[in-house]
Amino acid sequence: MLKQAKLLQQQQQQHETPKAPEPIMCPVPGAIAPDLPQQFMGFQHPQYGAETHAAGAGPAVPVAAAATPEPASKGPLPLEHQVIQDVINEVQSRCLHVVQNQQMKQRLEDISGKMEVLYDKLRTGQLGPVAVSGVHRIVNAIQNGDYRGALGVHAETIAKGSFSELSSFMPPLKLLLQYCIQLQVFLQ
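Just so it is clear, the model here is predicted, and its values are computed rather than measured.

**What about the overall build of the protein chain?**
Item 1. Within the protein chain one finds eight helices and four strands.
Item 2. Walking the protein chain from its N terminus toward its C terminus, one meets helices and strands in the order α-β-β-β-β-α-α-α-α-α-α-α.
Item 3. Burial status across the protein chain gives 24% buried among its 188 residues.
Item 4. Carbon together with sulfur atoms contributes 57% to the accessible area of the protein chain, which is approximately 13,800 Å² in total.

**A word on the packing of helix H3 (residues 79–98) against helix H5 (residues 129–143)**
Item 1. Between H3 and H5, whose axes approach to 10 Å, the crossing angle comes to 45°. The orientation of H3 relative to H5 falls into the category oblique. Of the two elements, H3 crosses H5, and the hand of that crossing is left-handed. Seen from H3, the contacting residues are Glu80, His81, Val83, Ile84, Val87 and Val91; seen from H5, they are Val132, Val135, His136, Val139, Ile142 and Gln143.
Item 2. A breakdown of the residues in the contact of H3 with H5 according to their chemical character gives eight nonpolar, three polar and one charged.

**Focus on the confidence of the model for the protein chain**
It should be kept in mind that the predicted coordinates are not to be read in detail where pLDDT is low.
Item 1. Chain-level statistics for the protein chain give a pLDDT mean of 80 and a share of 61% at 70 or above.
Item 2. Below a pLDDT of 50 lies the segment residues 48–55, which in the model reaches nine contacts outside its immediate sequence neighbourhood of four places, other chains included.

**Focus: the environment of valine 135**
Item 1. Secondary-structure assignment places valine 135 in helix H5.
Item 2. Accessibility expressed as a relative area gives 1% for valine 135, which makes it buried.
Item 3. Through-space distance from the C-alpha of valine 135 to that of valine 153 is 8.4 Å; in sequence the pair is 18 residues apart.

**A word on the state of the cysteines**
Item 1. Here the structure, examined in full by the defined rule, presents zero disulfides.
Item 2. You can see cysteine 95 has no disulfide; the closest cysteine sulfur is in cysteine 180, sitting 3.6 Å from it.
Item 3. Here cysteine 180 falls in the buried class, since its relative accessible area comes to 0%.

**Some points on H5**
Item 1. Between its first and last C-alpha atoms H5 spans 21 Å; for 15 residues at 1.5 Å apiece the expected length is 21 Å, and the two agree.
Item 2. The set of residues buried in H5 consists of Ala131, Val132, Gly134, Val135, Ile138, Val139, Ala141 and Ile142.

**Comments concerning the pattern of salt bridges**
Item 1. Applying the stated criterion across every chain yields a total of six salt bridges.
Item 2. A salt bridge links glutamate 116 to lysine 74, with the shortest nitrogen-to-oxygen separation between them at 3.5 Å. Separated by 42 residues along the polypeptide, glutamate 116 in helix H4 (residues 102–124) and lysine 74 in the loop between helix H2 (63–67) and H3 bring together distant segments of the chain.
Item 3. Given a relative accessible area of 43%, lysine 74 falls into the partly exposed group.

**What to know about H4**
Item 1. A rise of 1.5 Å per residue sets the reference length of H4, with its 23 residues, at 33 Å; its end C-alpha atoms lie 35 Å apart and thus fit the reference within 8%.
Item 2. Where the residues of H4 are buried, they touch H3, H5, helix H7 (163–166) and helix H8 (170–183).
Item 3. Where H4 begins, one side-chain oxygen reaches toward the backbone nitrogen of glutamine 103, 2.8 Å away; that side chain belongs to asparagine 101.
Item 4. Phi turns positive one or two residues past the end of H4, at glycine 125, with a value near 70°.

**Describing the side chain of threonine 157**
Item 1. Within the secondary structure layout, threonine 157 lies in helix H6 (residues 147–160).
Item 2. Engagement of the side chain of threonine 157 in a polar contact is seen with the backbone oxygen of valine 153, the distance being 2.8 Å.
Item 3. Once residues within four sequence positions are removed from consideration, threonine 157 is found in contact with Val130, Ala131, Gly134, Leu166 and Met170.

**Some remarks on unusual backbone geometry**
Item 1. Even without being a glycine, glutamine 184 presents a positive backbone phi close to 55°.
Item 2. Assignment of secondary structure puts glutamine 184 in the segment after H8.
Item 3. For glutamine 184, a relative accessible area of 54% gives the class exposed.

Cut-offs applied
One numbering rule holds for all chains: residues counted from 1, following each sequence as written. Note on the predicted model: pLDDT of at least 70 is required for a residue's local features to be given, and 80 or more for side-chain atom pairs to be given and counted; whole-chain, interface and lining totals, by contrast, use all residues. With hydrogens and water stripped out, all remaining heavy atoms of the structure feed into the side-chain values. Here a helix means four or more residues in a row that DSSP labels H or I, a strand means two or more in a row labelled E, and each is numbered from the N terminus. Burial here depends on accessible area, computed with a 1.4 Å probe over protein chains only, as a share of the maximum for the residue type. Under 20% is buried, over 50% is exposed, and the range in between is partly exposed. Surface exposure here means Shrake-Rupley accessible area, sampled with a 1.4 Å probe, where a residue is shielded only by the protein chains that are shown. Orientation is described by lines fitted to C-alpha atoms, with helices fitted over the stretch in contact, and by angles between N-to-C directions that extend from 0 to 180 degrees. Note on angle classes: values under 35 degrees are labelled roughly parallel, values over 145 roughly antiparallel, values of 65 to 115 roughly perpendicular, and the remainder oblique. Each helix crossing is assigned a hand: it is left-handed if the near helix lies turned anticlockwise from the far helix by less than a right angle, otherwise right-handed if that turn is clockwise. Should any heavy atoms of two residues lie within 4.5 Å, those residues are counted as being in contact. Classification convention: Asp, Glu, Lys, Arg as charged; Ala, Val, Leu, Ile, Met, Phe, Trp, Tyr, Cys, Pro as nonpolar; all other residues, Gly among them, as polar. pLDDT is defined as a per-residue confidence score from the predictor, taking values between 0 and 100. Disulfides are defined in this document as cysteine sulfur pairs within 2.5 Å. To estimate how far a helix should extend, the number of its residues minus one is multiplied by 1.5 Å. When a carboxyl oxygen of Asp or Glu lies within 4 Å of a side-chain nitrogen of Lys or Arg, that pair is called a salt bridge. Between N or O atoms, a polar contact is any pair within 3.5 Å; within protein, one atom must be a potential hydrogen donor and the other a potential acceptor, and residues adjacent in sequence are included only when both atoms are from side chains.

In structure tokens form, the structure reads like this:
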């Protein structure tokens with residue numbers, strides 16, 4: 001009778017569907033945690049550098065490369081603001097010509113892309129009078145070789161202006177002024 005009960009129990013176990021193992025709620029010390037997707041309020045955020053894969057579509061395409069649009073043709077700056085671009089580009093070019101430090105050279109090259117934000121805002125009229133006046137005064141000081149004065153106007157403009165207007169281009173402009181002082185670059 002005991003044999004029949006064991007045999008019956010074994011047969012019942014064979015016919016049951018196997019259950020998935022329960023997740024470990026308390027990690028084992030020293031164990032490596034698996035990479036889980038980051039979630040916030042039920043939304044899953046893609047990992048940095050994540051790639052998208054389409055079944056049978058060939059090689060994976062990085063998300064950033066797939067979403068990069070072609071740059072649109074930008075119009076010229078209004079004539080009253082053209083001096084800003086001319087002066088900033090000239091001092092930046094002169095700094096790049098004399099710089100020996102590779103890290104400083106890379107930062108100077110990065111400044112030109114960030115100055116495009118300023119030029120775009122000038123093209124579209126997105127800057128208020130305080131910001132426009134401040135940038136013109138900074139450029140005037142650069143033309144006169146007064147970088148300390150330009151830094152003073154920079155600080156004054158930031159104090160009086162709107163953070164949302166200035167935060168994208170004023171820090172790189174200050175860095176350019178500091179490099180001009182350090183490298184002894186003047187327009188005259």
